[in-house]
Amino acid sequence: MAHLTRVDSTRSDSLAGFWRGYLALLPLWSGAIPAGVAFGVAARSAGLSVGETQAMSLVVFSAAGQIGAVSLIAGGTSPLLLIGTVMALNAQLVLLGLAIGRQLRLSWLERLATAWLLTDGAYGVSLGVGPLRLAVLLGAGASMYTAWNLGTALGAGVGAVLPGPGAFGIDLVAPLCFLAVLMPLVRSRPAVLVAVAAGLTALLLARMVPGGVAVLGAGLVGCAAGAWLTRNEVAGPHPSPLPLGEGVSPPPLRAGDGAGG
Amino acid sequence: MGPGGEVVTGMVWVILGMGAGVYGLRLVGLALRDVALPAPLRQAQGGIWERALRFVPVALLTGLVVIGLTAQVSAEPMRLVAVAVAALVAHRTGKMWACILAGMVVYWLLGWLLP
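How each quantity is defined
Residues numbered from 1 in each chain as written. Chains lettered and ligands numbered in written order. Predicted model: local features only at pLDDT ≥ 70, side-chain atom pairs only at ≥ 80, totals over all residues. Helix = DSSP H or I, 4+ residues; strand = E, 2+ residues; numbered from the N terminus. Buried ≥ 20, exposed ≤ 12 C-beta atoms within 10 Å, placed from the backbone. pLDDT = per-residue confidence, 0-100. Contact = placed C-beta atoms within 7 Å. Nonpolar A, V, L, I, M, F, W, Y, C, P; charged D, E, K, R; others polar. Expected span 1.5 Å × (residues − 1). Core = buried A, V, L, I, M, F, W, Y, C linked by C-beta atoms within 7 Å. Domains from an automatic or database assignment. Axes fitted to C-alpha atoms, helices over the stretch in contact; angles between N-to-C directions. Parallel < 35°, antiparallel > 145°, perpendicular 65-115°, else oblique. Left-handed = near helix turned anticlockwise from the far one by under 90°.

Focus: the overall build of chain A
When its secondary structure is counted, chain A shows 13 helices and 0 strands. N-terminal to C-terminal, the α/β element order of chain A is α-α-α-α-α-α-α-α-α-α-α-α-α. Sorting the 261 residues of chain A into buried and exposed places 56% on the buried side.

Structural data, given as structure tokens:
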């Protein structure tokens, strides 16, 4: 009986976390829906059917990757090059998964589910909600999945009913969202230097390689810099320069407040 | 259908291939935790791996902010001003809605004030 109650409370806890994540990502809908519309319109004009366009958003679920792919399809590119480009545009997802795998202990079933919904936005927003939790991460991921597919459906079915992603500077919302999560994390000297190293790397790579590879490069250089900067740290219970060690959480950002209005 | 016609015919397979590729990327990082790193390697160099991974959020988020700004549809200087103000607000308040609101309001104001 006691066991049953615990399972129930865990379940309602997870459900609450899922909805927190779902709502916390709502600010990013403002960018995701217009981007989805833009993708839907571009895919239709590149010769894809409504079904193919929607299927791509349901299966691939990557704004940068899909928009990149569609511009290549319009130019008539080979399928292998298409797949390679879409993967290069999403290369940072490897590092994202690595970071999540370190912060959460997930079963294989949970990893398979998480991988389905994992995006930069969902990870960033989940970090802002508090200590990283699977339910929050999945909720945020599902929220982005909803917005992206809704936007795609609008764009593919109805056409450009909404202003483009660049209108009113709406494309600024996603970087601002990441910035809000980032700022509380850079309160120590190593963290500031890591941010500088990663920022410069991204700036340098941005003009040379697809976005995902640039973000991955920034991540790798930043991590290497961080490891080097903390090389004199004694092993054991580390005097964490970042509030993100196991079991320690960043100061909650109360992203839900923003979603609530 | 134009020059892309041939590609479009096999589109279902291309879509599935792209989906599998991206899903694989998402899963690799999550899977690597206990597959690719045996304990000796993880302990090597005084926990260099652990120390490096601790900085993933900062490094990755910085990269995302920079790429998000450089890949903008229109990258004007006033975006940088807006982002700087938003960064200050995020630093002071620690609230996401305040950061987004401050950045957007400054951006709109600048666009309205400057020709």
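Points about the overall build of chain B
Counting its regular elements, chain B contains 6 helices and 0 strands. Counting from the amino terminus, helix and strand elements in chain B follow one another as α-α-α-α-α-α. Residues counted as buried form 42% of the 115 residues belonging to chain B.

Description of the confidence of the model for chain A
Residue and element names in this part refer to chain A. In this model, chain A carries a mean pLDDT of 83, and residues with pLDDT of at least 70 account for 84%. The least confident element of chain A, judged by mean pLDDT, is helix 13 (residues 255–260) at 35; the most confident is helix 9 (residues 134–157) at 96. The low-confidence segment residues 236–261 (pLDDT under 50) makes 59 contacts with residues lying over four places distant or belonging to another chain.

As for the interface of chain B and chain A
The partner chain A presents 93 residues to the 68 residues of chain B that form the contact. Put simply, the parts of the chain that give the side of chain B that touches chain A at least two residues each are helix 1 (5–9), helix 2 (11–35), helix 3 (39–53), helix 4 (56–70), helix 5 (77–93) and helix 6 (96–113) of chain B. For the side of chain B that touches chain A, the element with the most residues is helix 2 of chain B, which contributes 19 residues. For the side of chain B that touches chain A, the per-class residue count stands at 45 nonpolar, 17 polar and 6 charged.

Observations concerning unusual backbone geometry
With a phi close to 55°, F61 of chain A is a non-glycine residue in the positive phi region. The topology assignment puts F61 of chain A in the loop between helix 3 (50–59) and helix 4 (63–74).

Points about helix 4 of chain B
Between its first and last C-alpha, helix 4 of chain B extends 21 Å over 15 residues, near the 21 Å set by a 1.5 Å rise per residue. Counting buried residues in helix 4 of chain B gives 14 out of 15 residues, a clear majority hidden from the surface.

Quick look at the environment of L117 of chain A
Residues and elements named next belong to chain A. Along the chain, L117 turns up in helix 7 (residues 108–117). For the pair L117 and F168, spaced 51 residues apart in the sequence, the C-alpha separation amounts to 28 Å. Apart from the residues lying within four places of it in its own chain, the contact partners of L117 are A122, L138, G141, A142 and Y145.

Remarks on the nonpolar core
Nonpolar side chains in soluble globular proteins generally cluster together in the buried interior. C177, L179, A180 and L182 of chain A together with V58, A86 and C99 of chain B are the most contacted members of the largest nonpolar core, which totals 120 residues. A per-element tally of this core places helix 2 (residues 26–45) of chain A first, with 11 residues. If you count residues domain by domain, this core takes at least three from each of domain 1 (1–54) and domain 2 (55–115) of chain B. In contact with L182 of chain A, other than residues within four places in its own chain, are V58, L61, T62 and V65 of chain B.

Section: the packing of helix 5 of chain B against helix 6 of chain B
Residues and elements named next belong to chain B. Between helix 5 and helix 6, the shortest axis-to-axis distance is 8 Å and the interhelical angle comes to 150°. On the basis of their axis angle, the class for helix 5 and helix 6 is roughly antiparallel. The two elements helix 5 and helix 6 meet at a crossing, and its hand is right-handed. Of the residues in helix 6, those touching helix 5 at M78, R79, V81, A82, V83, V85, A86, V89, A90 and T93 are A98, C99, A102, G103, V106, Y107, L110 and G111. Among the residues making up the contact of helix 5 with helix 6, the classes are represented as 14 nonpolar, 3 polar and 1 charged.

Section: the confidence of the model for chain B
All names here are of chain B. Averaged over every residue, the pLDDT of chain B is 81; residues scoring 70 or more account for 76%. Mean pLDDT values over the elements of chain B span from 48, in helix 1, up to 91, in helix 5. Counted against residues more than four places away or in other chains, residues 1–8, with its pLDDT under 50, gives 14 contacts.

Some remarks on the packing of helix 2 of chain A against helix 3 of chain A
All names here are of chain A. Where helix 2 contacts helix 3, the two axes come as close as 9 Å, and the packing angle between them is 135°. By the criterion of interaxial angle, the relationship of helix 2 to helix 3 is oblique. Of the two elements, helix 2 crosses helix 3, and the hand of that crossing is right-handed. Here helix 2 contributes G36, G40, A43 and R44 to the contact with helix 3, which in turn contributes T53, M56 and S57. Along the lines of polarity and charge, the residues of the contact of helix 2 with helix 3 split into 2 nonpolar, 4 polar and 1 charged.

Observations regarding the environment of L58 of chain A
Its location among the elements puts L58 of chain A in helix 3. When the C-alpha atoms of L58 of chain A and Q92 of chain A are compared, they prove to be 20 Å apart, with 34 residues separating the residues in sequence.

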